[in-house]
Amino acid sequence: APSDRPPVSGFVWPVSDAPLAFIETGGPPRGAQEESDGSDSKRNPAEAERVLAVLDGVLSAGEVNMGQIGVVTPYKAQVRLLRSMWRERGGAQSRQLEIASVDNFQGREKELVIFSAVRANRGGRVGFLADWRRLNVLLTRARRGLVVVGCGATLRHDALWQQWLEHAEGMRVVIDKERWHEVLWRAMRMGTDADAPTIDLVAFRKAHPGLCEGTMF
């Protein structure tokens, strides 16, 4: 029952009883583009930072440990980057956290799964992300929380990702800090202009909880 599996603590879920979130990186326009590491694989450093921010918050809460979390990505270059960054933060115990490619993920259920999509380009190329037969397995391995980090504009070029993102938007679980900051900026600017239309920030927060909540990233 859902009540037996409350969402993992340490992450501000956009909808409190729905353990699902999509963290919008914004892609290249916000400096979160993919890059090559010199091999045929891809990595995304800005996206990796957001993944680590989620990890920091969840582990600081103390409810789950490293062994109960899985970090998964389609690209081996992103696996290498995440492992390197995590070792710098986690020290000797960092290896307890499973960071793996989709193909190498052990397949065991985890309390929390964080998925790093990596692909973020202006051409809409999604690569391995189009293989839903592999992705669907890992997306069902999260017992009490699934966080997907990625660039919506790129992912939407794939029909199934487009459907998934529409589902996430319908559930109001998309977290987009930059867009929320833009709304606040517009509201403050309008507040100085007596003739300008006003933005009801309370109503906006209720309509778009995912834009206004989240961890520190």
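Anything mentioned here points back to the structure above.
Description of the structure in this document.

How each quantity is defined
Residues numbered from 1 in each chain as written. Predicted model: local features only at pLDDT ≥ 70, side-chain atom pairs only at ≥ 80, totals over all residues. Heavy atoms only, no water. Helix = DSSP H or I, 4+ residues; strand = E, 2+ residues; numbered from the N terminus. Buried < 20%, exposed > 50% of the residue type's maximum accessible area, 1.4 Å probe, protein only. Contact = heavy atoms within 4.5 Å. Areas by Shrake-Rupley, 256 points an atom, 1.4 Å probe, with all protein chains shown as cover. Core = buried A, V, L, I, M, F, W, Y, C linked by side-chain atoms within 4.5 Å. Pairing = 2+ DSSP bridges. Axes fitted to C-alpha atoms, helices over the stretch in contact; angles between N-to-C directions.

1. Describing the overall build of the protein chain
Thinking step 1. A tally of regular secondary structure across the protein chain gives eight helices and eight strands.
Thinking step 2. Out of the 217 residues belonging to the protein chain, those deemed buried represent 49%.
Thinking step 3. Sequence-distant contacts, at least 24 apart, represent 76% of the contacts inside the protein chain between residues at least 6 apart.
Thinking step 4. Entry remark: accessible area of the protein chain is about 10900 Å², with carbon and sulfur atoms responsible for 48%.

2. Points about the nonpolar core
Thinking step 1. In terms of nonpolar packing, the biggest core is built from 27 residues, with Phe11, Leu55 and Ile114 touching the most fellow members.
Thinking step 2. With residues up to four places along the chain from it excluded, the contact list for leucine 55 reads Ile69, Val71, Trp86, Leu97 and Ile114.
Thinking step 3. Core analysis: the second largest hydrophobic core is formed by 24 residues, Trp132, Leu135, Leu138 and Trp164 among them.

3. Looking at the environment of alanine 159
Thinking step 1. Assignment of secondary structure puts alanine 159 in helix α5 (residues 159-171).
Thinking step 2. Judged by its relative accessible area of 54%, alanine 159 is exposed.

4. Points about the pairing of strand β5 (residues 98-101)
Thinking step 1. Covered by surrounding structure in β5 are Glu98 and Ala100 together with Ile99 and Ser101, the residues of both alternating faces.
Thinking step 2. Here strand β4 (residues 69-73) pairs with β5 via four bridges, running parallel. Across the sheet, residue valine 71 finds its bridge partner in β5, namely isoleucine 99.

5. Quick word on the sheet that holds β4
Thinking step 1. If you walk across this open sheet you meet the six strands as β5-β4-β6-β7-β1-β8, and the pairing is parallel. On the outer flanks of this sheet lie β5 and β8 (174-175), each paired with one strand and no other.
Thinking step 2. Two elements, strand β6 (residues 112-116) and strand β7 (residues 146-150), share four bridges in a ladder whose sense is parallel. Residue pairing for β7: isoleucine 114 is matched across the bridge by valine 147.
Thinking step 3. Contacting β4, β5 and β6, helix α2 (residues 76-90) crosses the sheet at an angle of about 165 degrees to β5.
Thinking step 4. Strand contacts of α5: β1 (20-24), β6, β7 and β8, with the helix running at about 110 degrees to β1, the strand carrying the most contacts.

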